[in-house]
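# A look at the structure
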Amino acid sequence: MSEEKSTISADKVQTPKGRSLWADGLRRLRKRKFAMACFCIVLLYFALAAFIYLAEFFDWQVGPIKWSEQVGESYQKPSAQNIFGTDIFGQSVFRKTLYGAKISLTVALCASFISLAIGLPLGAIAGYFRGLVDEIIVWVYSTLSSIPYILLILAFAVVLREKTLFGYKLTGITAVYLAIGLTSWVGICRLIRGEVIKHKDREYILAARSYGCSNGRIILKHLIPNVFHLVIIDFSLRFVAFIHAEVILSFLGFGEAHRPSWGAMINDARIELSRGVWWQMLAATIAIFFISLALNIFGDALRDSLDPKLRTQ
Amino acid sequence: MAEDETLLSIENLSTHFFTEEGVAKAVQNVSLKIPRKKTFALVGESGCGKSVTALSIIRLIPAPPGRIVGGRIIFNGQDLLELGDKQMREIRGNKIAMIFQEPMTSLNPVFTVGNQITEAIRLHQDLSGARARAAAVRILKEVGIAGAKQRISDYPHQLSGGMRQRIMIAMAVSCRPSLLIADEPTTALDVTIQAQILDLLDELQKHSQMSILLITHDLGVVAERADDVAVMYASRIVEQSDCESLFSRPLHPYTQGLLKSLPQLGLKAERLPVIPGTVPEPLHFPAGCKFHPRCPIGSGDERCRTVEPQLREVAEGRSVACWYALGYEENLKFKT
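Residues numbered from 1 in each chain as written. Chains lettered and ligands numbered in written order. Predicted model: local features only at pLDDT ≥ 70, side-chain atom pairs only at ≥ 80, totals over all residues.

Moving on, we come to helix α10 (residues 253-260) of chain B. Taken as a whole, α10(B) has its buried residues at B:Pro253, B:Tyr254, B:Thr255 and B:Leu258. In this fold, the buried residues of α10(B) make contact with α8 (219-225), β9 (228-233), β10 (236-242) and α9 (243-248) of chain B. (Buried ≥ 20, exposed ≤ 12 C-beta atoms within 10 Å, placed from the backbone. Helix = DSSP H or I, 4+ residues; strand = E, 2+ residues; numbered from the N terminus. Contact = placed C-beta atoms within 7 Å.)

All names here are of chain B. Along the chain, the position of Leu201 falls in helix α7 (residues 191-208). Its 24 C-beta neighbours within 10 Å are what place Leu201 among the buried residues. In this structure the C-alpha to C-alpha distance between Leu201 and Pro185, which are 16 residues apart in sequence, comes to 9.9 Å. Setting aside residues up to four positions removed in sequence, Leu201 forms contacts with Ala182 and Ile212.

Attention now moves to the interface of chain A and chain B. Of the residues lining the interface, 27 residues belong to chain A; the matching set on chain B comes to 34 residues. Secondary structure elements with two or more residues in the side of chain A that touches chain B: α1 (2-14), α9 (203-210) and α10 (215-251) of chain A. Grouping the constituent residues of the side of chain A that touches chain B by class yields 10 nonpolar, 9 polar and 8 charged. (Nonpolar A, V, L, I, M, F, W, Y, C, P; charged D, E, K, R; others polar.)

So, about the sheet that holds strand β1 (residues 6-19) of chain B. Residue and element names in this part refer to chain B. Pairing is antiparallel in the open sheet, where 4 strands are placed in the order β2-β1-β4-β5. Strands with a single pairing partner mark the edges of an open sheet, and in this sheet they are β2 (22-35) and β5 (78-79). Relative to strand β4 (residues 66-75), β1 runs antiparallel, the two sharing 8 bridges. Within β4, the residue paired with Phe17 across the bridge is Gly66. The strands touched by helix α1 (residues 50-57) are β1, β2 and β4; relative to β2, the strand with the most contacts, the crossing angle is about 70°. (Pairing = 2+ DSSP bridges. Axes fitted to C-alpha atoms, helices over the stretch in contact; angles between N-to-C directions.)

Let us look at the environment of B:Ala172. Residue and element names in this part refer to chain B. Within the element layout of this structure, Ala172 appears in helix α6 (residues 161-173). Taking C-alpha positions, Ala172 is 9.5 Å from Ile121, a pair spaced 51 residues apart along the chain. Ignoring any residue separated from it by four or fewer positions in sequence, one finds Ala172 in contact with Ala97, Met98, Ile99, Pro177 and Leu180.

This is the structure we're talking about:
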């Protein structure tokens, strides 16, 4: 016994301090400079949205929340004063673009959480219990995903619009993120179901059951932490899709009607372009372009560093 | 063997898997008795049903497709097959614990070993987090892990196979179970570590007085560690005996074949003898005695091909299931 104890303590000297898989992944992520730059861009967008919320709450009179103010003649070209010119009402397009960040990010964030709140538990339950429960859940999401996505969101948006739910009136933006969230949990559900099926027959799950864990405990404490990196990766990539979905809905006239959003701006630009007014279009496009690109690059880097199967470094 | 000396007795256990290709009868009519404080070895080739027997005891057969179709599993006077899910969970880990073959994959990769041991402890004992942690450190020391206080915050991927198996053992014995099921605990480890792990199990058995059901295909391990042995072949127990007599005088041709195929010190042989043929698949078991196609005696015998011999006691503490085994027929005549 004493002999082998000494080998173990010698072994101990070599091993580094306890590091979880998460810490490991994040350390790898931090090494990717470009991905971190993209992450900073995403953070900037979020900071802007948060700032607008704060400004509205405390009634600070700053640019973006005074978007409805008339700053000049209608349809003025971009100039030093109004870098993206003005729209038909003489409102600053730049201010509207900034304000649009709040709408877009709110919609994308809420929709992400709703789809996660539906998809994650359903996927885990379907994958873990299989059998009839699984069949029902798969049947529901197969049905849902067989309907063309845009049509489905539109249908939900139309139904939910201006309805009262639990005594709470669904204004434009709420209806939008509800519609997106309720229709887009299929992807995450499928992903989690597949991963849970893969993990649930692993020996560590059997071992956990052998020392007395209940099913609920196994799902919550053992399975979900093991697939959670996929949730985060999926979240970051899906977020972009939700920003686009909001734009599409607004473009089709089912979005936020009373406040500026990027989709609404592009919708306006549809008529304006024929008159040679391109700046509203440009501003909204730039805003969408940068967050989409940054999130996509960051999401890919996140996957590379968190997914154990892709680890090469 | 007196009844109160038996910790676990399995009576006519049958576990089948209902697959799309048909019913795989993985375990058929298995009966065995595990005495208190003893090591009982269950030996057999891969796929003979020994792991399924073990999983049946703690009722963790993957269901569907698996199902225990018959028999009784009496543990401390209580039929485990009649317990509800909640009662069964209270027994798992607490009264009956299990360790597995693959220490590399039996620990949850996202938690520290301390986390997992304390989870096992707190599931069965009402301890605060800090006290459970202290208990975990104590157990880690007990299983021979140096620097237990630091090791407790390590993640599984930082540990070697032998260390992980020690952690698994620590988790298993953390609640002082009266039965430890060790399913090929050393198969995945290299030989020097194997001996250490088996020594550790011996030591733990001595001072916590538990019984061990040792599942293995390694006859060397059996000879050294077991008190009683059951040999399984194609879903049935073919021979059961105390360890010494099994090795000195095997009765079943399968056991004889197994022992002959072991390398022996001092004996120069060009090639080791082998048992011809392969283990039949559970879906296509032969009729009659399942060993007859490979048997040196029975392959041409009409009775062996058509009628399956049942396990029958042929001497004090020795049972065998073979028409040609010494004493089998005599016993039959005597009984009828």
